Amino acid sequence: VTLAAVRDAQGVLTGLRWLVWDGSERNQMIEIPSGANHELERLVEVCTVELRTSNEQLRQKVTELERAETAVEERLRFETLLSQLSTRFLNLPPSGVDRQIEHGLQRLAEFLEVDRSTMLEFSEDKTQLRTTHSWTVAGWEPVPAAVAFDLVPWATAKMLQGEIFLFSQISD
């Protein structure tokens, strides 16, 4: 289908010319007089609005599906990492456990794109946290061997309540 404007000698729009080709040797030309233009223009405008609305809805749906796909892919990557890490501990002699824990902390930190990953445990008297295993990106200061609870009261309270917490800097 080809649409062309029909103009008079002065260039005024007088109608529309439609050329319909059905794939055969015969073409059909339809010329619509200017009196019909108003109704056609109204229908074209209605259809254009509907198409724009549908297009925007489709664009939003595609964006939503792309986000969902990204989330599923990220989840699969994480679960694959956990599976790989778990597998490395199977049949591992006790002498290799510490090294594998530190390797696992490195893999987790790299996956999460963080500068360090540390495992801590409560001291027997519950007055400090002791670092059991840690991995820190090259060039960064390692975590301290022990941290007194009174230096991090907010984090201590969260841990003692069994809550998960996050901080973005050691100074936090």
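Check the entry above for the structure.
For the structure given in this document, a descriptive report is provided here. (Residues numbered from 1 in each chain as written. Predicted model: local features only at pLDDT ≥ 70, side-chain atom pairs only at ≥ 80, totals over all residues. Heavy atoms only, no water.)

**So, the pattern of salt bridges**
Stage number 1. On inspection of all chains with the given rule, the structure shows six salt bridges.
Stage number 2. For the salt bridge of Glu56 with Arg59, the shortest nitrogen-to-oxygen distance reads 2.8 Å. A residue pair is termed a helical-turn pair when its members lie 3 or 4 positions apart in one helix, as Glu56 and Arg59 do in helix 1 (residues 37-88) at three residues.
Stage number 3. The exposure class assigned to Glu56 is partly exposed, which follows from its relative accessible area of 33%. (Salt bridge = Lys/Arg side-chain N within 4 Å of Asp/Glu carboxyl O. Helix = DSSP H or I, 4+ residues; strand = E, 2+ residues; numbered from the N terminus. Buried < 20%, exposed > 50% of the residue type's maximum accessible area, 1.4 Å probe, protein only.)

**Remarks on the pairing of strand 5 (residues 128-136)**
Stage number 1. Note that strand 4 (residues 116-122) and strand 5 share seven bridges and pair antiparallel. Paired with Arg116 across the two strands is Thr136, which belongs to strand 5.
Stage number 2. Hairpin connection from strand 4 to strand 5: five residues lie between these consecutive antiparallel strands, with Lys126 at a positive phi of about 55°.
Stage number 3. Sheet analysis places strand 5 next to strand 6 (residues 146-148), joined by three bridges and oriented antiparallel. (Pairing = 2+ DSSP bridges.)

**What about the sheet that holds strand 5?**
Stage number 1. Strand order in the open sheet made by the three strands is 4-5-6, with antiparallel pairing throughout. Only two strands of the sheet have a single partner each, and these edge strands are strand 4 and strand 6. The average undirected angle you get between the axes of adjacent strands in this sheet is 30°.
Stage number 2. Of the strands in this sheet, strand 4 and strand 5 are in contact with helix 2 (residues 97-112), which crosses strand 5 at around 70°. (Axes fitted to C-alpha atoms, helices over the stretch in contact; angles between N-to-C directions. Contact = heavy atoms within 4.5 Å.)

**Description of the packing of aromatic side chains**
Stage number 1. Counted under the stated rule, the structure contains two aromatic pairs.
Stage number 2. For the pair Phe122 and Phe149, a centre-to-centre distance of 5.7 Å together with 80° between the ring planes defines the contact as edge-to-face. With Phe122 in strand 4 and Phe149 in the loop between strand 6 and helix 3 (153-160), this residue pair connects regions lying 27 residues apart in the sequence.
Stage number 3. You can call Phe122 partly exposed: its relative accessible area is 29%. (Phe/Tyr/Trp six-rings, centres within 6.5 Å; stacked < 30°, edge-to-face > 60°.)

**Comments concerning the side chain of Ser117**
Stage number 1. Relative to the elements of secondary structure, Ser117 occurs in strand 4.
Stage number 2. Overall, the relative accessible area of 15% leaves Ser117 in the buried class.
Stage number 3. Beyond its immediate chain neighbours, meaning those up to four positions away, Ser117 contacts Leu105, Ala109, His133, Ser134 and Trp135.

**Observations concerning helix 2**
Stage number 1. The end-to-end C-alpha separation of helix 2 is 22 Å, in line with the 22 Å expected for 16 residues at 1.5 Å each.
Stage number 2. For helix 2, the set of buried residues is Gln100, Ile101, Gly104, Leu105, Ala109 and Phe111.
Stage number 3. Remark: Glu113 follows helix 2 within two positions and exhibits a positive phi of approximately 60°. (Expected span 1.5 Å × (residues − 1).)

**Things to note about unusual backbone geometry**
Stage number 1. Of note, Glu113 is a non-glycine position whose phi angle comes to about 60°, a positive value.
Stage number 2. Inspection of the secondary structure assignment puts Glu113 in the loop between helix 2 and strand 4.
Stage number 3. Under the relative-accessibility criterion, Glu113 is labelled exposed at 72%.
Stage number 4. For Lys126, which is not a glycine, the phi torsion comes out positive at approximately 55°.
Stage number 5. Judged by relative accessible area, which is 49%, Lys126 ranks as partly exposed.

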